[in-house]
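An overview of the molecular structure
Residue strings, one per chain:
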Amino acid sequence: MSELNLDCPLQLPFDTIQMAHGGGGRIMHDLIESMLVPAFSNPALEARGDAAVLDLDGRALAFTTDSFVVSPRSFPGGDIGELAVYGTVNDLACAGARPRFLSCALILEEGLALAELAHLVDSMRRAAVRCGVSIVTGDTKVVDRGKGDGVYINTAGIGLVPAGRRVGPKEVRPGDAVLVSGDLGRHGMAVLSVREGLAFDSPVVSDCAPVHLLAEALWTAGVEVHCLRDPTRGGLGAVLNEIALDSRLTLEVLEQEVPVSEPVASACELLGLDPLYLACEGRLVVFLPEPQAEAALAALRRLPEGAGAACIGHVLERGPAHVTLRTRLGTERILDLPSGAQQPRIC
Amino acid sequence: MKFLDEYRDGAAVQPLLEALRRRTTRPWTLMEVCGGQTHSILRFGIDQLLPPSIRLIHGPGCPVCVTPVAFIDKALAIAERPGVIFCSFGDMLRVPGSHSDLFRVKSRGGDVRVVYSALDAVQLALREPEREVVFFAVGFETTAPANALAAREALRLGLANFSMLVSQVRVPPALELLLASGAAQVDAFLAAGHVCAVMGTVEYLPIAARYHVPIVVTGFEPVDLLRGILECVVQLEEGRAEVANAYERLVPSGGNPTARALMAGVFQVVDRTWRGLGLIPRSGMALAEAYAQLDAEQRFGVSDLGGTDSPLCRSGEVLLGILDPQNCPAYGTRCTPEHPLGATMVSAEGACAAHYRYRRPRED
């Protein structure tokens, strides 16, 4: 074997699906870019938005889908039912759309308590009412006991994008400000704490909520929104890296401006996790011209779910397509796309 | 956040930097022993704040990185067995053995679970009497006391279905090796604060004296790190070589006698192979005779299993501070966190992983 043999037997390529393929990091990104995007290649897909925006007889229709497999099914601040509605509503809102209609496909495991299903369905109903969307079609499948995890929910959604709204990574410009609508990492830590049986003095409550009113508030305020994202899997770190790659710009985050609640920050310190990579389920990341940042923040803060809105960084004039973090000490480092899901450290 | 913010505060850091600038007259090379310190230094950019003549190099103190391939292979072989629940700290799961890693074993049906403490694995064994529960006990003197407690608890409960795969390591013999080999030119050491919280400082006295090198117990937050660095520089500039404690807020000079007694009762000191470094005399801990029945190597007949490192992986040189991760030819190309050649690229405390995560040069 020559020294330059690239088939090093110790290097382990993936020949089966790993949990990291769904972790929101680089491994998932690589799967999407190497297998899914080329297979289904078309302009709407390649725009890489949270939802596809389609021209339907001159009207811009946003269309998206999302599957929900969260375990545990109930967590502080929400459950899989409302999450399934908000998740899809939020993807539509981030495409600039007004969410209208959702589908609901249930994959149920044999033996699931009907009372629990009824509770989750009622959660979905209430969430839909809150978002002003109708669940207009659906599907129900049951799998053998042991072949599912109680309930999996898929929702798809459509909404109309009002004329003149054009958002996405390609609209991001040097000089844009980066805003978030509230503190980060709550959902990821809330689920982790229940899943792993971690007891904290102050329980972490998920931020699970719709963001369509926050998005609408920005449009109403008349600011020029360039890009919207909800930082779910992989958190803020993953979302910013995706936007840096797709816009081919350098983003700079100011660590001291990033809002993280005390319970989330403490739990992260304890477990060796970074809140910037923890999932949110009710937050909005906004890109818009820096001079309009104050007006946008004021608009977000007028809503209760936007009370903690903050400007956390900006898009630099030029540079490589990545995200840098300016630390509290004034030093600079990369804020990288994580590899897979974060693992708690040893000591 | 109490006990953290005040140690990350820019205003608290400034006087220390000012003192460092004032006291430094010559170039000095300091090694931070612990991988947790390496990550803090790169995460907070501490190295960017230092006078240019002070160089920090990374040391061998990453428990995941030094766990030998043979032990990973043993872990994989045990985790593949039907009926076994294999419990591990989370950041061991991606570490490559000869042919696989624990995540891949899990994806093929192995029951691999992340636990936060060895006692969680004992509880699991109690709840699942029909299953064999195995805990992967790795780490330095920091994890050893809690792991020892779990072993003691398992014996007390008479758990026949609990065992431990033990690859514990000790810091001082590795420092001795490093100094004796003369591999890296290190002027002073930042000793690993949390190891000293257990062990105290007494083990370092003969090393500091024999090699005339300052050894300063140092913490992990910016203020703690800078206090350790300043103490090293002051000693070096004054020609002193003493063991000092710059992490008094956590480390009593006597360490934690209760924890040490627990360790001494459960573990015995043995020679241990370190991944990338080779065999280091008296550098490991294994289960003592009285706890031999908990030995997973014996129970599952994997004692003779053993693999070898990738010949392309130069983690040994990285762990000795000879090779900067970014100067390794495989860094970022053939070796990435997704496809690591060695453990230094995957562990949350590995130097290669820290550089990749915080400093990786990017192509434009």
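Residues numbered from 1 in each chain as written. Chains lettered and ligands numbered in written order. Predicted model: local features only at pLDDT ≥ 70, side-chain atom pairs only at ≥ 80, totals over all residues.

Regarding the overall build of chain B
From N to C terminus, chain B includes 16 helices and eleven strands. Taking 2.2 N^0.38 as the reference for a compact globule, 364 residues should give roughly 21 Å; the C-alpha atoms of chain B span a radius of gyration of 21 Å, in line with that estimate. Taking the principal axes of its C-alpha atoms as reference, chain B extends roughly 65 × 50 × 40 Å. The burial tally for chain B puts 56% of its 364 residues in the buried class. For chain B, the share of sequence-separated contacts (at least 6 apart) that also reach a separation of at least 24 residues comes to 78%. (Helix = DSSP H or I, 4+ residues; strand = E, 2+ residues; numbered from the N terminus. Rg over C-alpha atoms; globule rule 2.2 N^0.38 Å. Buried ≥ 20, exposed ≤ 12 C-beta atoms within 10 Å, placed from the backbone. Contact = placed C-beta atoms within 7 Å.)

Remarks on the domain arrangement of chain B
Residues and elements named next belong to chain B. Along its sequence, chain B is carved into domain 1 (1-312) and domain 2 (315-356). On a C-alpha basis, the centroid separation for the pair domain 1 and domain 2 is 17 Å. Contacts between domain 1 and domain 2 engage 29 residues on the former and 22 residues on the latter. Mapped by element, the contributors of at least two residues to the side of domain 1 that touches domain 2 are α2 (35-44), β2 (54-61) and α4 (63-66). Considering each element in turn, the side of domain 1 that touches domain 2 owes the most residues, five residues, to α2. Broken down by class, the residue content of the side of domain 1 that touches domain 2 amounts to 16 nonpolar, nine polar and four charged. (Domains from an automatic or database assignment. Nonpolar A, V, L, I, M, F, W, Y, C, P; charged D, E, K, R; others polar.)

Here's the deal with the pairing of strand β7 (residues 188-192) of chain B
All names here are of chain B. For β7, the tally of buried residues reaches five of five residues, placing the bulk of the element in the interior. Note: strand β1 (residues 28-34) against β7, three bridges, orientation parallel. Bridge assignment links Glu 32 to a residue of β7, and that residue is Leu 190. (Pairing = 2+ DSSP bridges.)

Structural notes on the environment of Cys 131 of chain A
All names here are of chain A. The topology assignment puts Cys 131 in helix α4 (residues 114-131). Cys 131 gets classed as buried once you count the C-beta atoms within 10 Å, which come to 25. When the C-alpha atoms of Cys 131 and Arg 26 are compared, they prove to be 32 Å apart, with 105 residues separating the residues in sequence. Those residues in contact with Cys 131, other than ones at most four positions away along the chain, are Val 85, Val 89, Pro 99, Pro 210 and His 212.

Comments concerning helix α5 (residues 186-195) of chain A
All names here are of chain A. Burial analysis of α5 places eight of its ten residues in the buried class, the great majority of the element. Among all positions of α5, only Arg 186, His 187, Gly 188, Met 189, Ala 190, Val 191, Leu 192 and Ser 193 are buried. Against β3 (74-75), α7 (235-247) and α8 (262-271) lie the buried residues of α5. Residue Gly 197 follows α5 closely and has a positive phi angle near 65°.

A few points about the nonpolar core
Judged by nonpolar contacts, the single largest core of 127 residues is most densely connected at Ala 75, Leu 165, Phe 189, Ala 191 and Ile 229 of chain B. The element that contributes the greatest number of residues to this core is helix α5 (residues 69-79) of chain B, accounting for eight residues. Mapping this core onto the domain boundaries places at least three of its residues in each of domain 1 (1-312) and domain 2 (315-356) of chain B. Grouped together as the second largest cluster of nonpolar side chains are 90 residues, Leu 92, Val 180, Ala 244 and Ile 312 of chain A included. (Core = buried A, V, L, I, M, F, W, Y, C linked by C-beta atoms within 7 Å.)

A few points about the interface of chain B and chain A
With 46 residues of chain B at the interface, the matching set in chain A holds 34 residues. When residues of the side of chain B that touches chain A are traced back to their parent elements, those giving at least two are α1 (10-23), α2, α3 (46-49), α4, α6 (102-107), β5 (132-139) and α16 (351-358) of chain B. Considering every element that reaches the side of chain B that touches chain A, the biggest residue donor is α2 of chain B, with three residues. Split into classes, the residues belonging to the side of chain B that touches chain A amount to 21 nonpolar, 13 polar and twelve charged.

Some words on the confidence of the model for chain A
Interpretation of the predicted coordinates at a detailed level should be avoided for regions scoring low in pLDDT. Averaged over chain A, the pLDDT score is 92; the fraction of residues at 70 or greater is 95%. Every residue in residues 1-11 of chain A is under pLDDT 50, and counting partners more than four places away or in other chains gives nine contacts. (pLDDT = per-residue confidence, 0-100.)

Side note on the domain arrangement of chain A
It is common to report an interface's size as the accessible area lost on association of the parts. Residue and element names in this part refer to chain A. For chain A, the assigned domains read domain 1 (51-161) and domain 2 (169-334). One C-alpha centre belongs to domain 1, the other to domain 2; they are set 24 Å apart. Contributions of two or more residues to the side of domain 1 that touches domain 2 are made by α3 (80-94) and α4.

Let's talk about the sheet that holds strand β6 (residues 134-143) of chain A
All names here are of chain A. Overall, mixed pairing links the five strands, which are arranged β1-β2-β7-β5-β6 in an open sheet. On the outer flanks of this sheet lie β1 (52-56) and β6, each paired with one strand and no other. In this sheet, neighbouring strand axes are inclined to one another by 20° on average, regardless of whether the strands run parallel or antiparallel. Taken together, the five bridges between β1 and strand β2 (residues 59-68) define a ladder with antiparallel strand orientation. The residue bridging Asp 55 from the neighbouring strand is Ala 60, located in β2. (Axes fitted to C-alpha atoms, helices over the stretch in contact; angles between N-to-C directions.)

Some remarks on α7 of chain A
The periodicity of an α-helix, 3.6 residues per turn, causes residues three or four positions apart to be oriented the same way. With 13 residues, α7 of chain A ought to run about 18 Å at 1.5 Å a step, and its terminal C-alpha atoms sit 18 Å apart, in line with that. Taken together, the buried positions of α7 of chain A are occupied by Gly 235, Leu 236, Gly 237, Ala 238, Val 239, Leu 240, Asn 241, Ile 243, Ala 244 and Ser 247 of chain A. (Expected span 1.5 Å × (residues − 1).)

Concerning the sheet that holds strand β11 (residues 278-287) of chain B
Residues and elements named next belong to chain B. Taking strand neighbours across the sheet as the criterion, the six strands line up as β4-β3-β5-β6-β11-β10 in an open arrangement whose pairing is mixed. Since the sheet does not close on itself, it has two edges, and those belong to β4 (111-114) and β10 (267-274), each with one partner. Sheet twist, expressed as the average angle between the axes of neighbouring strands with direction ignored, equals 25°. Sheet topology note: the β10/β11 ladder contains seven bridges and is antiparallel. Counted as the bridge partner of Val 269 is Met 285 from β11.

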